[in-house]
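# Summary of structural features
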Amino acid sequence: MAKTYAAFYLPPEEKEVKVPNQENVDRIRGTLIQAKNKAKLAISETLLDEMSGNIDLQSTTEFVQRYAVGAMSKIINGEPVTNKTMLDSLFNTYAPALNAGLAQTGFNSLVELRNAVQAGNGSINVANFVQGFSNGLSIVQTATEKVDYSKYGEEIPIDVVDKYSYEYNNIVADKKISELGFLPEYISDLDPVKITIWAHVKNENAELWNINDFGNKILDVMQRKEKITFRAGKSIYENCIITRYKPTITSIYDLYFEADININYRLNTQSEKGKEGRVMNPSRLIGDFNFRICSKEVYKGIIA
């Protein structure tokens, strides 16, 4: 997916985030540390910790994982790996990681490395092999965890953003308040914050249906009053509502539009730093009760 300068993201489907199975990780770590101690090798346990987690994440099944770790244990102890299931589990399942760290092992191809592992003739530098495999696992895992904006849903790319502005409103009563004890009932937070965007969507193929498709998707979200995500560069605004959309076709090749989106001020002030940038108004975590009890809305002296 091309990383456009800015984009709207329609509500995504829920995706399960894969995390290591701690029971598997502990078992892998125990096996590798036992092999390390038996071989009396100076391999960092921190390295084995990270490696164990990545082995679990990148394995297909626990069966394959057990055989691959068994092969690793034999390699660490300088023993030949003659069991075909062990060899296949290690070299087929973890081929991308082994290939990524191949240069550090001193072999020119996975075939050469596999033959050396099978022969167990002492041609493998165990420390370099473990370090190379660990680095390869990290490279593969990082690649799978790279910035992927698709998690926010269907991307509606915005090619050029001319500018965008913020508008804060503080709604207060326009009549005197006689008792200070009721003051919170007459003063609101700075909600909602309105962001106005002036932007362009290019229509390189000069086909009106492309522009209309863009507009229809925006209007469909507005009609359903669904929350969307807005990205400008690496700044992410979650939980947005589009309240106004004004398109203008300046030419057959260009759609210029203005749009207003509202966000929650409280969430905006509690931004989070993430791999993909800074998320300005993240979703509230379940069990987060640290918020002000809502008071009655007051506007123009009328309590709603």
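First, a word on what this report is: a plain description of the structure on this page.

Calculation criteria
- Residues numbered from 1 in each chain as written.
- Predicted model: local features only at pLDDT ≥ 70, side-chain atom pairs only at ≥ 80, totals over all residues.
- Heavy atoms only, no water.
- Helix = DSSP H or I, 4+ residues; strand = E, 2+ residues; numbered from the N terminus.
- Buried < 20%, exposed > 50% of the residue type's maximum accessible area, 1.4 Å probe, protein only.
- Areas by Shrake-Rupley, 256 points an atom, 1.4 Å probe, with all protein chains shown as cover.
- Salt bridge = Lys/Arg side-chain N within 4 Å of Asp/Glu carboxyl O.
- Expected span 1.5 Å × (residues − 1).
- Polar contact = N/O pair within 3.5 Å; in protein donor to acceptor, adjacent residues only side chain to side chain.
- Pairing = 2+ DSSP bridges.
- Phe/Tyr/Trp six-rings, centres within 6.5 Å; stacked < 30°, edge-to-face > 60°.
- Lys NZ or Arg CZ within 6 Å of the ring centre and 35° of its normal.
- Axes fitted to C-alpha atoms, helices over the stretch in contact; angles between N-to-C directions.
- Parallel < 35°, antiparallel > 145°, perpendicular 65-115°, else oblique.
- Left-handed = near helix turned anticlockwise from the far one by under 90°.
- Contact = heavy atoms within 4.5 Å.

### Topic: the overall build of the protein chain
- Of regular secondary structure, the protein chain possesses eleven helices and eleven strands.
- The burial tally for the protein chain puts 39% of its 304 residues in the buried class.
- Entry remark: accessible area of the protein chain is about 17,700 Å², with carbon and sulfur atoms responsible for 52%.

### Overview of the pattern of salt bridges
- For the structure on display, the rule yields 17 salt bridges.
- In this structure, the salt-bridge partner of glutamate 62 is arginine 27, at a minimum N-O distance of 3.6 Å. Of this pair, glutamate 62 sits in helix 3 (residues 62-76) while arginine 27 sits in helix 1 (residues 22-39), placing them 35 residues apart in sequence.
- Several salt bridges share partner residues, and in doing so they unite Arg27, Glu62 and Arg66 into one network.

### A few points about helix 2 (residues 45-58)
- Between its first and last C-alpha, helix 2 extends 20 Å over 14 residues, near the 20 Å set by a 1.5 Å rise per residue.
- Most of helix 2 is tucked away: ten of the 14 residues are buried.
- Within the span of helix 2, buried status applies to Leu47, Leu48, Met51, Ser52, Gly53, Asn54, Ile55, Asp56, Leu57 and Gln58.
- Measuring from the backbone nitrogen of threonine 46 back to the side-chain oxygen at the start of helix 2 gives 3.1 Å, which picks out serine 44 as the cap.

### Thoughts on the pairing of strand 4 (residues 193-202)
- With eight of its ten residues buried, strand 4 lies for the most part within the structure.
- Across seven bridges, the pairing between strand 3 (residues 160-167) and strand 4 is antiparallel. Note on strand 4: the bridge partner recorded for tyrosine 164 is isoleucine 197.
- Pairing between strand 4 and strand 7 (residues 254-263): ten bridges, direction antiparallel. Note that in strand 7 the partner of isoleucine 197 across the bridge is alanine 259.

### So, the pairing of strand 6 (residues 235-251)
- Where strand 5 (residues 228-232) and strand 6 come together, four bridges link them in antiparallel fashion. Its bridge partner lying in strand 6, phenylalanine 230 is registered against tyrosine 237.
- With antiparallel pairing between neighbouring strands as the criterion, strand 5 and strand 6 make up a hairpin whose turn holds two residues, including glycine 233 at a positive phi of roughly 65°.
- Relative to strand 7, strand 6 runs antiparallel, the two sharing nine bridges. The partner of lysine 246 across the bridge, within strand 7, is glutamate 258.
- Turn length for the strand 6-strand 7 hairpin, with the two strands adjacent in sequence and antiparallel, is two residues.

### Observations regarding the packing of aromatic side chains
- Summed over the entire model, instances satisfying the criterion amount to eleven aromatic pairs.
- Ring centres 4.8 Å apart and planes at 50° place the aromatic pair phenylalanine 63 and tyrosine 67 in the tilted group. With phenylalanine 63 and tyrosine 67 both in helix 3 and four residues apart, this pair spans about one turn of that helix.
- By relative accessible area, tyrosine 67 is classed as partly exposed at 28%.
- By the ring-pair criterion, three or more aromatic residues cluster together here, those being Phe8, Tyr164, Tyr166, Phe214, Phe230, Tyr237, Tyr245 and Phe257.
- Above the ring of tryptophan 198, the side-chain terminus of lysine 163 is found at 4.6 Å from the ring centroid.

### A look at unusual backbone geometry
- Although it is not a glycine, lysine 40 sits at a positive phi angle of roughly 55°.
- Tracing the sequence through the fold places lysine 40 in the loop between helix 1 and helix 2.
- Of note in this structure, asparagine 239 is not a glycine but carries a positive phi near 55°.
- Inspection of the secondary structure assignment puts asparagine 239 in strand 6.

### So, the side chain of threonine 196
- Of note, threonine 196 is situated in strand 4.
- Judged by its relative accessible area of 7%, threonine 196 falls in the buried class.
- Polar contacts involving the side chain of threonine 196 include one to the side chain of aspartate 260, which spans 2.8 Å.

### A closer look at the packing of helix 1 against helix 3
- Where helix 1 contacts helix 3, the two axes come as close as 9 Å, and the packing angle between them is 15°. Taken together, the axes of helix 1 and helix 3 are roughly parallel relative to one another. Seen from above, helix 1 lies across helix 3 with right-handed handedness. From helix 1, Asn24, Arg27, Ile28, Thr31, Leu32, Ala35, Lys36 and Ala39 reach across to helix 3, where they touch Glu62, Gln65, Arg66, Val69, Met72, Ser73 and Ile76.

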